[in-house]
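Examination of the molecular architecture
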Amino acid sequence: MDIGVISVRYARALLKSAEEAKNEAKVYADMQVLAESYLRVTELRFTIDNPMLAKDKKESLLKTACGKNATELTQRFIHLVLEEGRESALQFMANSYITLYRQQKNIIRGRLITAAAVSPATEQKMKQMVESKTKGTVEFQTEVNPDIIGGFILEYGTYRMDASVKSNLKRILTELKK
């Protein structure tokens with residue numbers, strides 16, 4: 001069976017169980033930490049996929065990768081995944097859960113890139129603007145990139161607004177070359 005299909009099935013079952021336990025937001029946080037652990041620690045995947053490593057060691061490692069305060073449901077889920085021998089798909093399950101949760105709660109990811117740090121008030125205004133346009137909740141990430149010289153780049157969903165000085169200078173240069 002396809003790893004994508006398996007991952008989504010497990011993620012849906014976890015989301016349904018989390019909804020019944022009324023802690024889907026906490027499980028969402030656990031899955032974000034787990035997904036981030038897989039990205040930051042590249043050896044994690046190889047270690048979990050190692051057939052020579054005992055399941056109890058894998059379980060301990062994965063619980064640690066979920067963060068200090070992982071929910072009981074998340075811990076039971078990890079145990080189930082290991083018992084079923086599906087640990088190689090766990091990273092995909094975590095990402096599938098995150099995607100399903102965001103779809104269900106109408107959460108959009110947004111990113112604001114500026115040349116210098118912006119005030120929390122400015123960040124909040126940008127976030128509110130995106131929320132009013134999308135009619136959803138926005139998980140907002142800010143990033144400082146001095147290479148854009150000035151202005152900002154705003155991204156959310158499939159939308160990208162580039163109001164950076166660097167891009168404007170490039171456009172002007174292109175026009176001058178014609």
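Let me begin by describing the structure that accompanies this report. (Residues numbered from 1 in each chain as written. Predicted model: local features only at pLDDT ≥ 70, side-chain atom pairs only at ≥ 80, totals over all residues. Heavy atoms only, no water.)

**Things to note about helix H4 (residues 55-65)**
- Taken residue by residue, H4 has Lys 58, Glu 59, Leu 62 and Ala 65 as its buried positions. Seen end-on, H4 carries its buried residues on one side only, within an arc spanning 125°. Those residues of H4 that are exposed and aimed more than 90 degrees away from the buried face are Asp 56, Lys 57 and Thr 64.
- Tucked into the core, H4 has its buried residues touching helix H2 (24-40), helix H3 (42-49), helix H5 (72-83) and helix H6 (90-105).
- Where H4 terminates, the next one or two residues include Gly 67, which has phi positive at roughly 105°. (Buried < 20%, exposed > 50% of the residue type's maximum accessible area, 1.4 Å probe, protein only. Helix = DSSP H or I, 4+ residues; strand = E, 2+ residues; numbered from the N terminus. Arc of directions from axis to C-beta. Contact = heavy atoms within 4.5 Å.)

**Points about the pairing of strand S1 (residues 107-114)**
- Of all eight residues in S1, six are buried; the element is thus mostly enclosed.
- As paired elements, S1 and strand S2 (residues 137-144) share eight bridges and run parallel to each other. Residue Ile 113 lies in a different strand from S2, and its bridge partner there is Glu 143.
- With helix H7 (residues 120-134) bridging S1 and its parallel neighbour S2, the resulting β-α-β unit is right-handed.
- In this sheet, strand S3 (residues 151-156) lies alongside S1 in antiparallel orientation, the contact comprising five bridges. Among the inter-strand pairings, Arg 111 is bridged to a residue of S3, identified as Glu 155. (Pairing = 2+ DSSP bridges. Right-handed = clockwise from strand over helix to strand, strands pointing away.)

**Let's talk about the pattern of salt bridges**
- The final tally for this structure, using the stated rule, is 11 salt bridges.
- The residue Arg 111 makes a salt bridge to Glu 155 at a minimum N-O spacing of 2.9 Å. One end of the pair, Arg 111, is in strand S1; the other, Glu 155, is in strand S3, with 44 residues separating them in the sequence.
- Residue class for Arg 111 comes out partly exposed when judged on its relative accessible area of 27%.
- Each member of the salt-bridge network shares a partner with another, and the members are Arg 111, Glu 143, Glu 155, Arg 160 and Asp 162. (Salt bridge = Lys/Arg side-chain N within 4 Å of Asp/Glu carboxyl O.)

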